[in-house]
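Listed here are the chains, written in short residue letters.
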Amino acid sequence: MTTRMEGLDTLLAAPHDGTFGEMTPPIYQSSLFGFASYAEFEDRMAGRSDRPLYSRVQNPTVSAFEQMIARLEATEAAVGFASGMAAVAATLFALVKPGDRIACITHVYPDSYRLMERMLRPWGIEITYHPPEQFERESDLLAGARLAYLESPNSMMMEVMDLQVVAGHARRHGALTVFDNSWATPALLNPVALGIDLVIHSASKYISGHSDTVAGVVAGPAELIGRLRDLTLPLLGAKLAPFEAWLLLRGLRTLETRMRQHGGTADLFVDRLATRPEVTRVRSPGADAAPGLRGRSGLLSVELSENISIPHFADALRLFRLGVSWGGFESLAVPAAITLKQAGEQNAPQRFGVPPRLVRLSLGLESAEDLWKDFVQALEVAKN
Ligand SMILES: *Cc1c(COP(=O)(O)O)cnc(C)c1O
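Everything quoted here is computed from the prediction, not taken from an experiment.

## Some thoughts on the sheet that holds strand β10 (residues 321–322)
- Pairing is mixed across the open sheet formed by five strands, whose spatial order is β8-β9-β12-β11-β10. Strand pairing shows two members of the sheet lacking a second neighbour, β8 (279–283) and β10, which therefore form its edges.
- Lying on the sheet, helix α12 (residues 255–273) is in contact with β8, β9 (299–304) and β12 (358–362); it crosses β8 at an angle near 150°.

## Looking at the UniProt feature "modified residue: N6-(pyridoxal phosphate)lysine" (unreviewed entry) in the protein
- Within this structure's numbering, the places UniProt gives as "modified residue: N6-(pyridoxal phosphate)lysine" (unreviewed entry) are K205.
- Tracing the backbone shows K205 in the loop between β6 (198–202) and β7 (216–220).
- The class of K205 is buried, set by a relative accessible area of 7%.
- Among all residues touching K205, those that are not within four sequence positions of it are S325, W326 and G327.

## Brief notes about the pairing of β9
- By the criterion of burial, β9 is predominantly enclosed, with six of the six residues buried.
- Side chains L299, S301 and E303 of β9 all project onto a buried face; the interleaved residues L300, V302 and L304 project onto the opposite face, where all are buried too.
- Pairing geometry for β9 and β12, over five bridges, is antiparallel. Residue pairing in the sheet places L300 in a bridge with L361 of β12.

What counts, and at which threshold
Every residue gets a number counted from 1 within its own chain, in the order that chain's sequence is written. pLDDT decides what is reported in this predicted model: residues at 70 or higher carry local features, side-chain atom pairs at 80 or more are listed and counted, and totals for whole chains, interfaces and linings draw on all residues regardless. Hydrogens and water molecules were not included; the side-chain quantities draw on all heavy atoms of the structure. When DSSP finds two or more bridges between a pair of strands, those strands are recorded as paired. Labels follow the DSSP assignment, with helices taken as runs of H or I lasting at least four residues and strands as runs of E lasting at least two, numbered in each case from the N terminus. Contacts between residues were defined by any pair of non-hydrogen atoms, one from each residue, lying within 4.5 Å. A fitted line through C-alpha atoms represents every axis, and for helices the fit uses only the stretch in contact; the resulting angles, taken between N-to-C directions, go from 0 to 180 degrees. UniProt positions are given in the numbering used here, feature names are shortened, and annotations may be inferred rather than shown by experiment. Relative accessibility thresholds used throughout: buried, under 20% of the residue-type maximum; exposed, over 50%; partly exposed, between the two (1.4 Å probe, protein chains only).

See below:
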């Protein structure tokens, strides 16, 4: 395993140092790359060189992003995809086959849940769902499982797990561990250092940070990433585009700085939320919540008391916008009551136990004091 020697800020600020001394990499907006000779072409096709060939499988701007992610996650390799879901799908389709079982975290990202239920299960893959404490406590839960699919904190509920313990159980049973690290980013958590095999990011969230692109990436050992490069990257074809990779490299420059700001605002909210009688529960894991977790991100959930009208609260928010996704500069709120009413999903086990009075907040880069004022005035308006 490779370890990261330099501080994250230093790594993110390192200039590209290209041919002309350019500080940022060029966008190689070319679908294909030509060869100067028969021998050079033959070497590439025989796998003796790794020159770019065709942008569905390899592009220099995309490679620069992939190498940066591999370094940030302190692992050997990474591969970019057109979206976080393309990254999830490409990982699962490359690693599981009919008859296999996936042990999946409850309250997994809803589209990851739909991928499992609507595509993988009909193809003969078994999926079982378990809360974090079951993954930790039952050392034989992963016996016979091909893969554990994990999030910590998980979507909406923000439940955390001890990754080192779960990765240890998985290793003993020969199960792979796949971890969605979109919430924490490498700024707050390095799952590979805790024994996780593959790390997935929806790069649309904090890695981009600017709400201007949809992208995904998977990082891990060269052997496993090689399987994705060999199978699902070229054959499903959901590649990352050079311009998107360039936007992500640009976003990454400020990742640590942005995460410090998001985390500081979340700390302020957590302190003050504790003083508000209208807030019955705060779900915002911080540095002490799970081994290896170094702080809060800006994504947290609160539960509001019965005397608050959630529709009125949502409509009274001024700085917080209503909308899905998260991780950008703008603050967002998502009432769980709305997502629980999503068409056809009322009975999905994925939804069980999500409190209807839960509201997820993505704290953006606005002034923390302004955001807090907005939150409090909306509570006052919504009191009945
Ligand atoms: C958004 C998200 C995804 C999916 O990513 P896209 O880039 O939207 O395809 C996966 N996992 C988590 C935790 C997410 O929040």
